[in-house]
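Residue-level structure breakdown
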Amino acid sequence: MSMVKLAMMNVKHGLKNYLSLILSLAFTVLILFNFQNLIGSDSFLVLGTRNKEYIEIIVQIISFILGCFMFFFIGYATNVFLTRRKKEIGIYIFMGLSHEKIGQLYFLETIFTGLAALILGLFFGALTCGLFQMILLLISDLSVEIQFRPGLRPALFTAAVYGIIYLFFAVKGYIHLLKSSVASMLSAAKQNEYIRQKRGILWVKTVLGVWILGTGYFLALKEGRTDVMGNALGAVVLVTVGVYLLFGGFLPLLAREMVEHKSFLYRKQRILWVNRLVFCMKKNYRTYAMVCILLLCSVTALATSFAMKGRYDNIIRFENTYTFQFLIPEAHAADLSDRAKQVIEENTELAYSAKIPVLLIDTSLINAMDYANQYAVLPYSALKALSIEAGLAFDLPEPGEDQVIKVSHPVLLSLITDRTDAVMTINGKSYLQIEESTVPYLGYLQESIGFYVVNDNEYASLLPLGEEMLAANYKIRYPEDFEHTKGALDGWRTLLGDSGIARVAIDPKSNELDWIKVMYSMGVFMFLVFVVASGSIMFMRLYNDAFEETERTKVLLKLGIDRGDLRRAVKAELAAAYGVPFLVMSVSSFFSVGALSKMMFVDLSGVNAVSLVIVLAVLIVWYRLSVWVYPVSP
């Protein structure tokens, strides 16, 4: 029999062994293909060239992340199944096969398996590409034409990336088998991740892990100004290291303590499930740590996408508070503002208007924490009156003589989370910032001008330092009248000549930031992909363990142990295997999402809770599958 036929026969008869590997790899192929198919699609052309370029950059970044994950995932999966196959392949040596022949056999089996996963992934990717775009655009709330046709270029790109990575690990496995001894092959099923360590080393790892993890949590929630990015980076590194040490020290130590307390071990048939649990905990702690960190990244990424969507909505509402805004010199403010209002009302219906005097001060006279191209001071009473005219909320306290309130704009991400005791100076006089508001009192102008509110007396004393202007703001009721109203205002301003009027026009139908909505929807997809992949990693690890338990289970059944008791022991073991990483991840996510909430000034606790429920549901599905494949399952 030729090696090709033997390899095909092994794959066919061992399909159950390969099934989880094939499905997991096919899933990664499907996702990468669908993301690449977005780049070749013309669906986003209607959003404009700028949006399409941003979306393509985002997709390429996500594709790179998926490629890195695919490299790691394929390496882990092939290694798990190589270990599973080593014992069976090693038996061929006694049949007279050389190491080269055994390596060829494994290589061919691996190639057939990888090819099956690639074909399956591309096939279902082609079938679901339209559905993928439909769901993506539905989540993004974009109205574009959906293209249901898969592209040849995305398929070739996906096949090339997957093929290179998979071939690399297939060759790596082949070389490894050439160098493996017969003894190592036959004992491969008993090899695991655990290296027996002394109790003192485990205690050191446990204490160090708790301390490092706690420090990472502290940095995640610590408020700061220029050190925010350093704190965030430190938190990521420390939490990653802390989780690894926690799983590498605390879990084996806890497992050892459970076994050594005989009064606990021998009650209520605990010896069955505790020993299985200890066995699982000892050898798979690296896998648990890896899955925990991957799930934590997934939950944090989902919170980031929701936060960006929320900030996007706020920015859009902020910018569209007014349709037209004018900065008019005070000398001609009354006449010109009334004339601008008249021109608007001649072309469309006005929803509301609001005016406020602003004092523009030279930037050389101001020293503030946040840099702006231009600074302006607002009188408190005038701002309160404007809020009534525009129908905006107003709950700001009146500043004292040496106090200011900053009126700013919402941003996607802020690197300054500690805004207490902020001080600014105007012409050498210091003012304490007592509050900051992002209510759009002056709409789009707040994005380009740094506004500070002072009391009326202080405003009067500052008048000699700058130029007083009138900010006249208008909101039209019907967006479709924007263009011709804008044209009429431009014509009016042209007739005025050099009048010193500055104008801002915000198109209510502008879609310049729609790329953020696409990024949000892709974040949701990435969350689901990595959560499913995390469960898949756990399943493959425990699936491999299930075969190691076969002989042990047979012995226990022959000794008279009830199958139902064994099944309950398996459920307890697997529940701990899936539950412990989830528990550590849930605690860690509170701090990571909390830090993100501070940086993006939005409450993400609800998103965190929902994401944890989704993760738990996915892990329960994998848990049920793991219970089903164990040898004691019916």
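Please read all numbers here as calculations on a predicted model, not as lab measurements.

1. Notes on the overall build of the chain
Check the secondary structure of the chain and you find 19 helices and 10 strands. For the chain, with 634 residues in total, the buried portion stands at 51%. Sequence separation of 24 or more characterises 86% of the internal contacts of the chain that already satisfy a separation of 6 or more. Per element, the accessible surface of the chain, about 29,100 Å² overall, is 64% carbon and sulfur.

2. Things to note about the pattern of salt bridges
Per the counting criterion, the structure on display carries seven salt bridges. In this structure, the salt-bridge partner of Glu458 is Lys429, at a minimum N-O distance of 3.0 Å. Taken together, the residues Glu458 in helix 15 (residues 456-462) and Lys429 in strand 7 (residues 429-437) connect sequence positions 29 residues apart. Residue Lys486 pairs with Asp490 through a salt bridge whose shortest N-O separation is 3.6 Å. Here Lys486 and its partner Asp490 are both found in helix 16 (residues 482-496), four residues apart, which amounts to about one turn of the helix. Looking at Lys486, the relative accessible area reads 25%, which means it is partly exposed. By relative accessible area, which is 26% here, Asp490 ends up partly exposed. Salt bridges sharing common partners tie together Asp402, Lys429 and Glu458.

3. Comments concerning helix 13 (residues 380-390)
Regarding helix 13, the residues found buried are Tyr380, Ala382, Leu383, Leu386, Ser387 and Ala390. Within helix 13, the buried residues cover an arc of 160° as seen down the axis, which keeps them to one side. Close packing links the buried residues of helix 13 with strand 2 (350-361), strand 4 (374-379), strand 5 (403-407), strand 8 (449-454), helix 15 and strand 9 (466-476). Phi for Gly391, located one or two positions after helix 13, is positive at around 70°.

4. Quick look at the pairing of strand 8
Here strand 8 lies mainly inside the structure; six of its six residues are buried. Going residue by residue along strand 8, you find Ile449, Phe451 and Val453 tucked away on one face and Gly450, Tyr452 and Val454 tucked away on the opposite face as well. Sheet topology note: the strand 4/strand 8 ladder contains six bridges and is parallel. Considered in strand 8, the bridge of Gln374 is made with Ile449. The pairing of strand 5 with strand 8 spans three bridges and is antiparallel. Bridge pairing in strand 8 links Lys406 to Tyr452.

5. Let's talk about the side chain of Thr485
Relative to the assigned elements, Thr485 resides in helix 16. Other than its neighbours up to four places away in sequence, Thr485 contacts Phe324, Ile344, Asn347 and Thr348.

6. Details of the sheet that holds strand 9
Overall, mixed pairing links the 10 strands, which are arranged 3-6-7-5-8-4-2-9-1-10 in an open sheet. Because the sheet does not close on itself, it has two edges, and the strands there are strand 3 (366-367) and strand 10 (502-505). Of the pairings in the sheet, the one linking strand 6 (residues 423-426) to strand 7 comprises four bridges and is antiparallel in character. Bridge pairing in strand 7 links Met424 to Tyr431. Along the sheet face, helix 12 (residues 333-347) touches strand 1 (324-329), strand 2 and strand 9 and points at about 15° away from the line of strand 9. On top of the sheet, helix 13 reaches strand 2, strand 4, strand 5, strand 8 and strand 9; it is set at about 165° to strand 2, its chief contact.

7. Brief notes about the state of the cysteines
Under the counting rule described, the total for this entry stands at zero disulfides. The thiol of Cys292 is not disulfide-bonded; the next cysteine sulfur, from Cys297, is found 9.6 Å away. Note on Cys292: relative accessible area 1%, which makes it buried.

8. Some words on the environment of Gln133
Checked against the element boundaries, Gln133 lands in helix 4 (residues 99-140). Along the backbone, Gln133 and Asn34 are 99 residues apart, and their C-alpha atoms lie at a distance of 8.3 Å.

9. Description of the nonpolar core
Side chains of nonpolar character tend, in soluble globular proteins, to be buried together. If you look at the biggest cluster of nonpolar residues, it comprises 88 residues, and the most contacted ones within it are Phe35, Tyr162, Phe247, Met585 and Val615. Of the residues forming this core, the biggest block, 17 residues, is contributed by helix 17 (residues 514-558). Other than its neighbours up to four places away in sequence, Phe35 contacts Val59, Ile62, Ser63, Leu66, Phe132, Met522, Phe525 and Met526. Among the nonpolar cores identified, the runner-up in size contains 27 residues, and Ile449, Val453, Val504 and Ile506 belong to it.

10. A few points about a nonpolar patch on the surface
A cluster of nonpolar side chains, Ile57, Ile61, Phe64 and Ile65, forms an exposed patch at the surface whose accessible area comes to about 410 Å². Considering the arrangement of structural elements, one finds Ile65 in helix 3 (residues 49-91).

11. Here's the deal with the packing of aromatic side chains
Enumeration according to the criterion identifies 15 aromatic pairs in this entry. Both rings, one in Phe123 and one in Phe124, keep their centres 5.2 Å apart while their planes meet at 80°; by these two values the pair is edge-to-face. Under the relative-accessibility criterion, Phe124 is labelled partly exposed at 38%. Taking 5.5 Å as the distance between ring centres and 20° as the angle between the ring planes, the aromatic pair formed by Tyr162 and Tyr166 counts as stacked. Highlighted residues: Tyr162 and Tyr166, both in helix 5 (residues 152-179), separated by four residues, approximately one helical turn. Take Tyr162 and Tyr166: they sit in the same class, and that class is buried.

Rules used in this analysis
- Residues numbered from 1 in each chain as written.
- Predicted model: local features only at pLDDT ≥ 70, side-chain atom pairs only at ≥ 80, totals over all residues.
- Heavy atoms only, no water.
- Helix = DSSP H or I, 4+ residues; strand = E, 2+ residues; numbered from the N terminus.
- Buried < 20%, exposed > 50% of the residue type's maximum accessible area, 1.4 Å probe, protein only.
- Contact = heavy atoms within 4.5 Å.
- Areas by Shrake-Rupley, 256 points an atom, 1.4 Å probe, with all protein chains shown as cover.
- Salt bridge = Lys/Arg side-chain N within 4 Å of Asp/Glu carboxyl O.
- Arc of directions from axis to C-beta.
- Pairing = 2+ DSSP bridges.
- Axes fitted to C-alpha atoms, helices over the stretch in contact; angles between N-to-C directions.
- Disulfide = S-S within 2.5 Å.
- Core = buried A, V, L, I, M, F, W, Y, C linked by side-chain atoms within 4.5 Å.
- Patch = residues over 30% accessible without salt bridge, like charges linked within 9 Å, V, L, I, M, F, W, Y side chains within 5 Å.
- Phe/Tyr/Trp six-rings, centres within 6.5 Å; stacked < 30°, edge-to-face > 60°.

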